[in-house]
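Architecture at a glance
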Amino acid sequence: MKPVLVVGAGPVGLMTALALKFYGIEFRSFEEDNAFSSDTKAGTILTRTVEAFRRYGVDKAVLSKALRLDEIGEIERATNQRRASVMTENLFDETRFPFVLNIPQHHLEPILAEGLEDLPEGWVNLKHKLIDFTQNEDGVVARFETPEGIKEVEGSYLLACDGGRSTVRTQLGIEVEGVSLDVRYMLVDIKVDLDKANPRDYPYLAYFADPAEWMILVRQPHCWRFLFPLAPGAEEATREELEAKVRHFVGAVTSLEVLNTVIYRVHHRIASKWRNDRVFLMGDAAHLITPMWALGLNTGVLDAINLPWRLAWVLRGWADDSLLDGYEREQQPLAAHGSGEMAEAARKLMGGETGEAKAMSGTDWANAMTRSLLGVKVDAEGAGDWSIVKTERTNLRVGDRIADMPVFDGQGGRKYLHDLCDDSFAALYFTDVRRRPDIPADTLPGLRSYVVSRWDAPLDSGLRDRALLDIGNKVRDKLGLGEDVVVLLRPDDHVAAILPMASADIEGLYKTIIGRK
Ligand SMILES: Cc1cc2nc3c(=O)[nH]c(=O)nc-3n(C[C@H](O)[C@H](O)[C@H](O)COP(=O)(O)OP(=O)(O)OC[C@H]3O[C@@H](n4cnc5c(N)ncnc54)[C@H](O)[C@@H]3O)c2cc1C
């Protein structure tokens, strides 16, 4: 079988490659540069992305080099009052990772790349710049400029993770809709000791709103990062001016060193099409999102959660090619009207334009779910029903990401709900296991069934190896499910269906969803 070609090894290309590795799909990755990015870019990783790190096997490596935080400060700069800080303690029942991470993108990318190091030689290629490609019924042929000359590579699909100036998107003539704003941000990395020599108790990530001059403060593992808007037409500040600005903000400090500065423009742009036959746009190639609330990179990771399992199902011969259409249908509105509009609203809110930031209008729990991207509901049924902003607790719905709660298997081991979806659809039958429910044998590839019950499965029930103990019905009650209900989960933890057991033909439904011939 021809490999999948992944063009671009930024965070989204690397996560996509890790995903394909996880699913055992042969791929080749190509990056034009001779090293992973050293640019000062994204710095905050949201909880949903950490969940993807776990699935694709890099969570421990990333966590060991990142700072965890349980508070995203939302602070009125004039008064220093916290106005609606996001507390991730509200996520304790929702995820194994009830926190957000700070790690700079140039530290993250090499860690993600290390996760690919054990692959055969030739799978990950630096110094390979895509020049152009063609596609036909059987696959794609891409041409790369390399130090050894032009190289032609054949693949089954081409995944364009080649960033905002995507060569692939340009070659396809796909329009990018939206605006590039006349707004620039300046980002300054500062080495200063705000722990001991000059103790300050800023949250590790804090948004200081101010109509005159707002500021975002991010504690990175190696420095403090200050981000603020540049007045239109303003010159880049000198090092001395920057130092003075920082001192004005943090007060007198013993010593302070400017490590690095970056100025960048704000874009709010979305590709009008994300699929062209065998070619898919992902990450910044598909969407440029106002860099607020860490929604740029993290929205790209949502793409790398959604597409790879679909490709795996198709390339294993389990599913019809139409399964791949769900990628654009689900991800495009999330980026265009979800993250994109939310980030724009956040930008306006920072400058004092109130009443726009929908994400801050819910309860503490809803705000935490929204800001961590755990609250994403995908349009799983193609009915136009999706959301990115949680405003209230509701019973589990089709499209929701299921909470990653623990249950106990037949040997007493703790299993989390997301473990059940690792490389599989999972049908969870919430019922009394003592009554020996008749659940389908696991004969269809890619579908596993479990009984979830507060009763331990009797040893002679024949269900011991597929029964999960739900102590005190904690999981069932949290999800707001009744008795004798089956929930079908997709390999990306999103709910594909919720049905009464009496009428559910889960195997038939699974075949319909994946388009199994
Ligand atoms: C200053 C700044 C701060 C940011 N802060 C945050 C934040 O805190 N949180 C957040 O979530 N997001 C943030 N973002 C956005 C985030 O950096 C991007 O969304 C993210 O890098 C997108 O990842 P990507 O892999 O899609 O694209 P990129 O990171 O752009 O990677 C694309 C890769 O493709 C390669 N490539 C391009 N063309 C070719 C070709 N023809 N052939 C081969 N390779 C090619 C490039 O060299 C590059 O390595 C920030 C961005 C900036 C600029």
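Let me begin by describing the structure that accompanies this report. Not measured: the values here are computed from a predicted model.

As for the overall build of the protein
- Each helix and strand in the protein was counted, giving twelve helices and 28 strands.
- Whereas a compact globule of 517 residues would reach a radius of gyration of roughly 24 Å, the protein reaches 24 Å, a difference of no more than 12%.
- For the protein, the C-alpha atoms occupy an extent of roughly 75 × 60 × 40 Å along the three principal directions.
- Taken across its 517 residues, the protein has 57% of its residues classed as buried.
- Restricting the contact set of the protein to residue pairs at least 6 apart, pairs at least 24 apart contribute 69%.
- Summing over all exposed atoms, the protein offers an accessible surface of approximately 21,200 Å²; the carbon and sulfur share of this is 47%.
- Distance from the positive charge centre (62 side chains) to the negative charge centre (79 side chains) of the protein: 3 Å.

So, the pairing of strand β18 (residues 257–271)
- Strand direction decides the pairing type here: strand β14 (residues 176–191) and β18, joined by 13 bridges, are antiparallel. Within the sheet, the bridge partner assigned to Tyr185 lies in β18 and is Tyr264.
- Two elements, β18 and strand β21 (residues 287–288), share two bridges in a ladder whose sense is antiparallel. Residue pairing across strands places Arg269 opposite Leu288, the latter belonging to β21.

Some remarks on the nonpolar core
- If you look at the biggest cluster of nonpolar residues, it comprises 130 residues, and the most contacted ones within it are Leu158, Leu159 and Trp313.
- Looking at this core element by element, the count peaks at 13 residues for helix α7 (residues 295–315).
- Residues within four places of Leu158 in sequence aside, it is in contact with Leu5, Val7, Phe133, Val140, Ala142, Val168, Arg278, Val279 and Phe280.
- If you look at the next biggest cluster of nonpolar residues, it comprises 22 residues, including Ile75, Val192, Phe228 and Leu242.

Topic: the side chain of Asp400
- Counting through the fold element by element, Asp400 comes out in the loop between α9 (364–371) and β22 (406–408).
- Residue Asp400 is classed as buried on the basis of its relative accessible area, which comes to 6%.
- A polar contact of 2.8 Å, which involves the side chain of Asp400, links it to the backbone nitrogen of Arg397.

A closer look at the site of the ligand
- Looking at the ligand, there are 33 residues lining it, with Glu31, Gln105, Asp284, Ala294 and Leu297 nearest.
- Backbone polar atom of Ala294 to an oxygen atom of the ligand: 2.8 Å apart, as the coordinates give it.
- Among the secondary structure elements, those contributing two or more residues to the shell around the ligand are α1 (11–22), β10 (129–135) and α7.
- A per-element tally of the shell around the ligand places α7 first, with four residues.

Some thoughts on the packing of aromatic side chains
- In the structure shown here, the tally under the stated rule is 20 aromatic pairs.
- Among the aromatic residues, those joined into a cluster by ring pairs are Tyr202, Phe208, Trp224, Phe226 and Phe249.
- Directly above the aromatic system of Phe99 lies the positively charged group of Arg68, at a separation of 5.8 Å from the ring centroid.
- Lys245 extends its terminal NZ or CZ atom over the ring of Phe228, reaching a point 4.4 Å from the ring centre.

A few points about the pairing of strand β11 (residues 140–146)
- The buried count for β11 comes to five of seven residues, which makes it a mostly enclosed element.
- Note that β10 and β11 share six bridges and pair antiparallel. Note that in β11 the partner of Thr134 across the bridge is Val141.
- Between β10 and β11, which pair antiparallel one after the other, the connecting turn spans four residues.
- Bridging between β11 and strand β12 (residues 149–155) involves seven bridges; their strand directions are antiparallel. Looking at the pairing, Ala142 lines up with Val153 of β12.

A short note on the environment of Ala84
- For Ala84, the location among the structural elements is in the loop between β6 (81–82) and β7 (86–87).
- Each C-alpha atom, one on Ala84 and one on Thr363, is 9.9 Å from the other, the two residues being 279 residues apart in sequence.

Quick look at the sheet that holds β11
- Pairing is antiparallel across the open sheet formed by three strands, whose spatial order is β10-β11-β12. Two strands lie at the open edges of the sheet, namely β10 and β12, each paired on one side alone. The sheet shows a mean angle of 20° between the axes of neighbouring strands, direction not considered.

Here is what the cut-offs are and how they apply
Residues numbered from 1 in each chain as written. Predicted model: local features only at pLDDT ≥ 70, side-chain atom pairs only at ≥ 80, totals over all residues. Heavy atoms only, no water. Helix = DSSP H or I, 4+ residues; strand = E, 2+ residues; numbered from the N terminus. Rg over C-alpha atoms; globule rule 2.2 N^0.38 Å. Buried < 20%, exposed > 50% of the residue type's maximum accessible area, 1.4 Å probe, protein only. Contact = heavy atoms within 4.5 Å. Areas by Shrake-Rupley, 256 points an atom, 1.4 Å probe, with all protein chains shown as cover. Lys, Arg positive; Asp, Glu negative; His and termini not counted. Charge placed at Lys NZ, Arg CZ, Asp CG, Glu CD. Pairing = 2+ DSSP bridges. Core = buried A, V, L, I, M, F, W, Y, C linked by side-chain atoms within 4.5 Å. Polar contact = N/O pair within 3.5 Å; in protein donor to acceptor, adjacent residues only side chain to side chain. Near = heavy atom within 4 Å. Phe/Tyr/Trp six-rings, centres within 6.5 Å; stacked < 30°, edge-to-face > 60°. Lys NZ or Arg CZ within 6 Å of the ring centre and 35° of its normal. Axes fitted to C-alpha atoms, helices over the stretch in contact; angles between N-to-C directions.

These figures come from the coordinates and say nothing about function on their own.
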